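# Structure at a glance
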Amino acid sequence: MDKRLVYLALCLGLAAATPGFASSTSLPEIASGSSARPRTAEAGVTRILRQNDELLLNAIHRGDRETWDRLTTSDFMYVEEGDVNRKPEFLRQLKEDGLAPLVIREYEVQVIGDTAQVFHRDDVPQRPGGPSTGNSHLLMTETWQHIDGCWLLRIVHTDRIRVDPPAITLSPQQMDELVGAYRSGTMTYVVRRQAGQILGSTDGTHFEVLMAETRDVLFEPGNVWVKKIFQRDTKGRVTGFADRSESSERAWTRVAAEAQGPVH
């Protein structure tokens, strides 16, 4: 993703057609430590921090460097999926883009001493003429510190909330093209068709339902990190698949066109 900040994510079309959030997307609870116990922020603190966040979300699209400079510490860091931008670089990248800011839907604050831990889940607004953003949501984790009478943002970490992609229905013939046994090292993966569904298993005993994103791309519902990308030869016959987990993958070679053993 471009280093121009995740707040511009509405340009990237993060939409998916499956409605709702997975249970894992709920705002996290903060565990109490033995030496410092977090407490729910007073209403006045929550109001101030939320107002500050709304100012920052708007300023990101207005190219408003003054607001970001004023409300952040000198060592401010912006972390987005492994990419770190420190304050000077972050401010240099800000520019007016005419887009609407993210919309805060959930907001939670916990205070420990002079530090506030903030979580907020945001919706990506629809851009005129752009792809649907109905399931485009972000989770922000922020650390604010009360310094010289002011709350300043020290670090923000942003994650996309991932949902299952829209699934399509494959014909029995299309399913059967994928059915078989696949080998990777000493491991075997079995793909079966049963009752109009595609099932997969690494032990041939406990099968999981696989959904089709495309004819040759399968995924497990609720596990959007891993997809099975099937490969074909020049005659269109399936030769294997890759278990792809974003930046890494594992190759499986087809060793049998029919799966063996019962389905449980």
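Check the entry above for the structure.
Residues numbered from 1 in each chain as written. Predicted model: local features only at pLDDT ≥ 70, side-chain atom pairs only at ≥ 80, totals over all residues. Heavy atoms only, no water.

## So, the overall build of the chain
Of the regular secondary structure elements, the chain holds 4 helices and 15 strands. Evaluated residue by residue, the chain yields a buried proportion of 41% over its 264 residues. In the chain, the share of contacts with a sequence separation of at least 24, taken over all contacts with a separation of at least 6, comes to 55%. For the chain, the accessible area works out to roughly 14,000 Å², and carbon and sulfur atoms hold 50% of it. (Helix = DSSP H or I, 4+ residues; strand = E, 2+ residues; numbered from the N terminus. Buried < 20%, exposed > 50% of the residue type's maximum accessible area, 1.4 Å probe, protein only. Contact = heavy atoms within 4.5 Å. Areas by Shrake-Rupley, 256 points an atom, 1.4 Å probe, with all protein chains shown as cover.)

## A short note on the environment of Glu-42
Secondary-structure assignment places Glu-42 in the loop between strand E1 (39-40) and helix H1 (43-62). Given a relative accessible area of 55%, Glu-42 falls into the exposed group. A sequence separation of 69 residues divides Glu-42 from Val-111, and the C-alpha atoms of the two residues are 8.8 Å apart.

## Things to note about the side chain of Asp-243
One can find Asp-243 in strand E14 (residues 238-245). Side chain to side chain, Asp-243 and Lys-228 meet in a polar contact 2.7 Å long. (Polar contact = N/O pair within 3.5 Å; in protein donor to acceptor, adjacent residues only side chain to side chain.)

## Some thoughts on the pairing of strand E10 (residues 197-201)
Counting buried residues in E10 gives 4 out of 5 residues, a clear majority hidden from the surface. Hairpin geometry of strand E9 (residues 187-194) and E10 is characterised by an intervening segment of 2 residues between the two adjacent antiparallel strands and by a positive phi of about 50 degrees at Ala-195. As paired strands, E10 and strand E11 (residues 208-214) are joined by 3 bridges and run antiparallel to one another. When the bridges of E11 are listed, Gly-200 appears paired with Glu-208. The turn joining E10 and E11, which pair antiparallel and follow one another in sequence, is formed by 6 residues; a positive phi near 75 degrees is taken by Gly-204. (Pairing = 2+ DSSP bridges.)

## Here's the deal with the packing of aromatic side chains
Counted under the stated rule, the structure contains 10 aromatic pairs. Relative to Phe-90, the ring of Phe-76 lies with its centre 5.3 Å away and its plane at 80 degrees, an arrangement referred to as edge-to-face. Highlighted residues: Phe-76 in strand E2 (residues 72-80) and Phe-90 in helix H3 (residues 87-93), separated in sequence by 14 residues. Each member of the pair, Phe-76 as well as Phe-90, carries the same accessibility label: buried. Residues Tyr-189 and Phe-241 carry aromatic rings whose centres are separated by 5.5 Å and whose planes lie at 70 degrees to one another, so their mutual orientation is edge-to-face. With Tyr-189 in strand E9 and Phe-241 in strand E14, the pair connects residues that are 52 residues apart, well separated along the chain. Phe-241 matches Tyr-189 in its accessibility class, with the two residues each being buried. Aromatic ring contacts, followed pair by pair, group Tyr-182, Tyr-189, Phe-230, Phe-241 and Trp-252 into a single cluster. In this structure, Lys-228 is placed above the aromatic ring of Tyr-189, and the distance from its NZ or CZ to the ring centre is 4.5 Å. (Phe/Tyr/Trp six-rings, centres within 6.5 Å; stacked < 30°, edge-to-face > 60°. Lys NZ or Arg CZ within 6 Å of the ring centre and 35° of its normal.)

## Brief notes about the nonpolar core
With 28 residues, the main nonpolar core has Leu-49, Trp-68, Phe-90, Val-109 and Trp-144 as its most contacted residues. At the level of elements, H1, E2, H3, strand E4 (103-112), strand E5 (115-123), strand E6 (137-147) and strand E7 (150-161) are the ones that each hand at least two residues to this core. The element best represented in this core is H1, accounting for 6 residues. Judged by nonpolar contacts, the second largest core, of 14 residues, contains Leu-178, Leu-210, Phe-230 and Val-238. (Core = buried A, V, L, I, M, F, W, Y, C linked by side-chain atoms within 4.5 Å.)

## Points about the pairing of strand E13 (residues 223-232)
In the sheet, strand E12 (residues 217-220) pairs with E13 via 4 bridges, with the strands oriented antiparallel. Across the sheet, the residue bridging to Leu-218 is Lys-228, located in E13. Hairpin connection between E12 and E13: a loop of 2 residues separates the two successive antiparallel strands, and Gly-222 in this loop has a positive phi of roughly 85 degrees. Taken together, the 7 bridges between E13 and E14 define a ladder with antiparallel strand orientation. By the bridge assignment for E14, Val-226 is matched with Ser-245. In textbook terms, the turn of a hairpin is the stretch between consecutive antiparallel strands, and for E13 and E14 this stretch comprises 5 residues, one of which, Gly-236, has a positive phi near 85 degrees.

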